[in-house]
Amino acid sequence: KCAFVLVAGGLGERLGYNGIKVSLPVEITTNEVYLSVYASYILALQEKSKAQGFLPLAIMTSDDTHAKTEQLLKSHNYFGMKQE
């Protein structure tokens with residue numbers, strides 16, 4: 001059994017970013033965000049391991065980041081991951 005936990009309670013203010021850290025662009029030409037990369041790694045591992053079912057991702061948010069994290073996930077169709 002395997003699962004992933006992402007601690008995503010912080011804002012990007014100290015980094016000079018006006019938003020949640022998981023929405024920071026990690027690729028300047030495509031503006032792909034951190035959470036997208038994280039999800040793609042999990043999906044690749046899921047495919048490679050031929051896991052029965054899916055590998056769940058739990059995202060720990062704070063009062064400051066919860067709504068924005070939900071909005072990011074919904075607007076990107078959960079980055080191809082299963083919604084639970």
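Predicted, not measured: the structure shown is a model, and the values here were computed from it.

Novice: Go over the overall build of the protein chain with me, naming the residues and quoting the values.
Specialist: The helix and strand inventory of the protein chain stands at 2 helices and 2 strands. Traced from its N-terminal end to its C-terminal end, the protein chain shows the element sequence β-α-β-α. Taking all 84 residues of the protein chain together, the buried fraction comes to 27%. Look at the contacts in the protein chain between residues 6 or more apart in sequence, and 58% of them connect residues 24 or more apart. Carbon and sulfur atoms form 53% of the exposed surface of the protein chain, whose accessible area is close to 6100 Å². In the protein chain, which carries 8 positive and 8 negative side-chain charges, the distance between the mean positions of the two groups comes to 7 Å.

Novice: Give a detailed account of the side chain of Ser23, specifying residues and quantitative values.
Specialist: Among the secondary structure elements, Ser23 is positioned in the loop between strand S1 (4-8) and helix H1 (34-49). A distance of 3.0 Å separates the side chain of Ser23 from the side chain of Tyr17, its partner in a polar contact. Of note is the side chain of Ser23, whose polar atom sits 2.8 Å from the backbone oxygen of Ile20. Apart from residues lying up to four places away in sequence, Ser23 is in contact with Tyr17, Val33 and Leu72.

Novice: Can you explain the nonpolar core? Please cite residues and give values.
Specialist: Leu6, Val22, Leu35, Ile42, Leu72, Leu73 and Phe79 are the most contacted members of the largest nonpolar core, which has 15 residues in total. Contributions of two or more residues to this core are made by S1, H1 and helix H2 (66-75). Each residue touching Leu72, except ones within four places of it in the same chain, is listed here: Ile20, Val22, Ser23, Leu35 and Phe79.

Novice: For the environment of Ile59, give the residues involved together with the corresponding values.
Specialist: Among the structural elements, Ile59 can be located in strand S2 (residues 57-61). When its relative accessible area of 24% is taken as the criterion, Ile59 is described as partly exposed. In this structure the C-alpha to C-alpha distance between Ile59 and Tyr78, which are 19 residues apart in sequence, comes to 12 Å. Those residues in contact with Ile59, other than ones at most four positions away along the chain, are Leu6, Ala8, Leu35, Thr69 and Leu73.

Novice: Quick rundown of the layout of surface pockets? Include the residues and the values.
Specialist: In this approach the atoms are scanned with a rolling probe the size of a water molecule, which exposes any empty space left behind. Computed from the structure, the largest pocket encloses a volume of approximately 390 Å³. In terms of lining, the largest pocket is formed by 19 residues, of which the most central are Leu57, Ile59, Leu73, Tyr78 and Glu84. Secondary-structure elements contributing two or more residues to the lining of the largest pocket are H1, S2 and H2. Tallying contributions element by element places H2 first for the lining of the largest pocket, with 5 residues. When grouped by side-chain class, the residues that make up the lining of the largest pocket number 11 nonpolar, 4 polar and 4 charged.

The rules behind the values
Residues numbered from 1 in each chain as written. Predicted model: local features only at pLDDT ≥ 70, side-chain atom pairs only at ≥ 80, totals over all residues. Heavy atoms only, no water. Helix = DSSP H or I, 4+ residues; strand = E, 2+ residues; numbered from the N terminus. Buried < 20%, exposed > 50% of the residue type's maximum accessible area, 1.4 Å probe, protein only. Contact = heavy atoms within 4.5 Å. Areas by Shrake-Rupley, 256 points an atom, 1.4 Å probe, with all protein chains shown as cover. Lys, Arg positive; Asp, Glu negative; His and termini not counted. Charge placed at Lys NZ, Arg CZ, Asp CG, Glu CD. Polar contact = N/O pair within 3.5 Å; in protein donor to acceptor, adjacent residues only side chain to side chain. Core = buried A, V, L, I, M, F, W, Y, C linked by side-chain atoms within 4.5 Å. 1 Å grid on protein atoms, 1.4 Å probe; cavity = no way out; pocket = protein on both sides within 12 Å on 5 of 7 lines; lining within 4 Å. Points joined across faces, edges and corners; volume = space filled by probe spheres on them. Nonpolar A, V, L, I, M, F, W, Y, C, P; charged D, E, K, R; others polar.

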